Amino acid sequence: MDLKRIGVFTSGGDSPGMNACIRASTRRAIAEGLEVIGIKRGYAGMIDGDYVEMDRQSVSNILQQGGTILKSARSERFRTPEGRAEAAAKLREAGIDALVAIGGDGTLQGATHLANEHGIAVVGCPGTIDNDLFGTDETIGFDTALNTALDSIDKIRDTADAHDRLFLVEVMGRDTGFIALACGIGGGAELVLIPEMMTDVISIKDRILSLMAAQSRSSIVVVAEGDELGGAHRIRQALAEDPAFDRIDTRVSVLGHIQRGGSPTARDRVLASRLGAAAVEALLEGHDGVMVGIVNNDLKLTPMRNVWARKKDVDYDLLQLTALLS
Ligand SMILES: Nc1ncnc2c1ncn2[C@@H]1O[C@H](COP(=O)(O)OP(=O)(O)OP(=O)(O)O)[C@@H](O)[C@H]1O
Ligand SMILES: O=P(O)(O)OC[C@H]1O[C@](O)(CO)[C@@H](O)[C@@H]1O
Ligand SMILES: [Mg+2]
């Protein structure tokens, strides 16, 4: 295909590094003589025709900023065939030949349908703090979110230790435990509860009681929000039903959206810059319906369907290690 004008957008939950990715795609495309259109508010803006022309200056001084200058959204309308037809018509009207889609599994699932139903060329960039996309070792924003959560856990550790308390710290991850597992290991958590592993309430009670009795000290349990037991507050309730926990001073801390904000780490900036440029290069080489990712430090293209249809496994050895080291 003879590419002239590409559209770039961010969708789903924002993630630190999305701006670095927008910058890289835009500048790489302009360097190749392409025109770049920024699509605002993800699929919602795509349907509404909320488009802006981008030049080199439009992406100046954004590399280090969290959030996304193009804004992001979740669009119910785009989930319907009618909504996608409206989006495709608007893209054609604007003369957009191809898209760089920056987002998570939902975004890339939507992009796959748009490509299949309307023949629009799309290359995806993995942009989500959740790290739940197959085809890349890490997603853009994961490292920053992880470091933000870790910083909070370090602070919670100080106060937990001062009072010999049990803290249940909830981190993000609607369906996945990547953040929980990594900051559990990094923060020296006594237990990590993730959706990928069934939580057995009796064994977690025993584990907490024995740790706290033996060493008379604080404990931190990191809980992924998507844990099948229902998050930190529900786990606290389950523990409180046992009289043995009457003597354990327990607190819950839900870290929430602070994990999505902030300036991207060096690692996320490098990842986002590599992937944003690679997405444009992939389009220029005639690829479409793929996601760009980094696997073992090599650039890799994966068919877009696989990135959301296949489940990326957490590292179960890390879970084992948490138990061994606590
Ligand atoms: N199955 C689908 N079909 C069509 N569009 C979809 C589908 N799933 C998601 N989308 C579109 O993509 C948008 C973003 O998806 P979602 O809310 O799941 O976030 P995400 O991209 O996975 O990012 P994150 O999980 O990091 O928040 C949705 O609001 C919707 O417009
Ligand atoms: O900001 P919202 O729409 O409440 O989304 C929260 C969800 O987004 C994610 O942070 C991913 O961006 C999930 O881990 C979390 O469940
Ligand atoms: Mg998602």
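Here the structure is a predicted model, which means the values were calculated and not measured.

Right, let's get into the site of ligand 2. As a structural note, the neighbourhood of ligand 2 is formed by Gly 13, Arg 74, Ile 129, Asp 130, Met 172, Gly 173, Arg 174, Glu 225, His 257 and Arg 260. Here an oxygen atom of ligand 2 and a side-chain polar atom of Asp 130 are 2.8 Å apart. The separation between an oxygen atom of ligand 2 and a polar main-chain atom of Gly 173 is 3.2 Å. In isolation ligand 2 offers 400 Å² of accessible surface; the protein chains occlude 78% of this area. Residue composition of the shell around ligand 2, grouped by class: two nonpolar, three polar and five charged. Domain assignment of the residues forming the shell around ligand 2 places at least three in each of domain 1 (5-141 + 264-309) and domain 2 (142-260).

Segmenting the protein chain into domains produces domain 1 (5-141 + 264-309) and domain 2 (142-260). On a C-alpha basis, the centroid separation for the pair domain 1 and domain 2 is 34 Å. With 18 residues of domain 1 at the interface, the matching set in domain 2 holds 13 residues. Roughly 1300 Å² of surface becomes buried between domain 1 and domain 2 when both sides are summed, with 50% attributable to carbon and sulfur atoms. Broken down residue by residue, the surface that domain 1 buries against domain 2 is led by Ile 129, Asp 130 and Asn 131, which jointly contribute 40%. Between Arg 260 and Asp 14 there is a salt bridge, and its shortest N-O distance comes to 2.8 Å. Classifying every residue of the side of domain 1 that touches domain 2 gives four nonpolar, seven polar and seven charged.

The rules behind each value
Residues numbered from 1 in each chain as written. Chains lettered and ligands numbered in written order. Predicted model: local features only at pLDDT ≥ 70, side-chain atom pairs only at ≥ 80, totals over all residues. Heavy atoms only, no water. Near = heavy atom within 4 Å. Polar contact = N/O pair within 3.5 Å; in protein donor to acceptor, adjacent residues only side chain to side chain. Areas by Shrake-Rupley, 256 points an atom, 1.4 Å probe, with all protein chains shown as cover. Nonpolar A, V, L, I, M, F, W, Y, C, P; charged D, E, K, R; others polar. Domains from an automatic or database assignment. Contact = heavy atoms within 4.5 Å. Buried area = accessible area lost by both parts, 1.4 Å probe. Salt bridge = Lys/Arg side-chain N within 4 Å of Asp/Glu carboxyl O.

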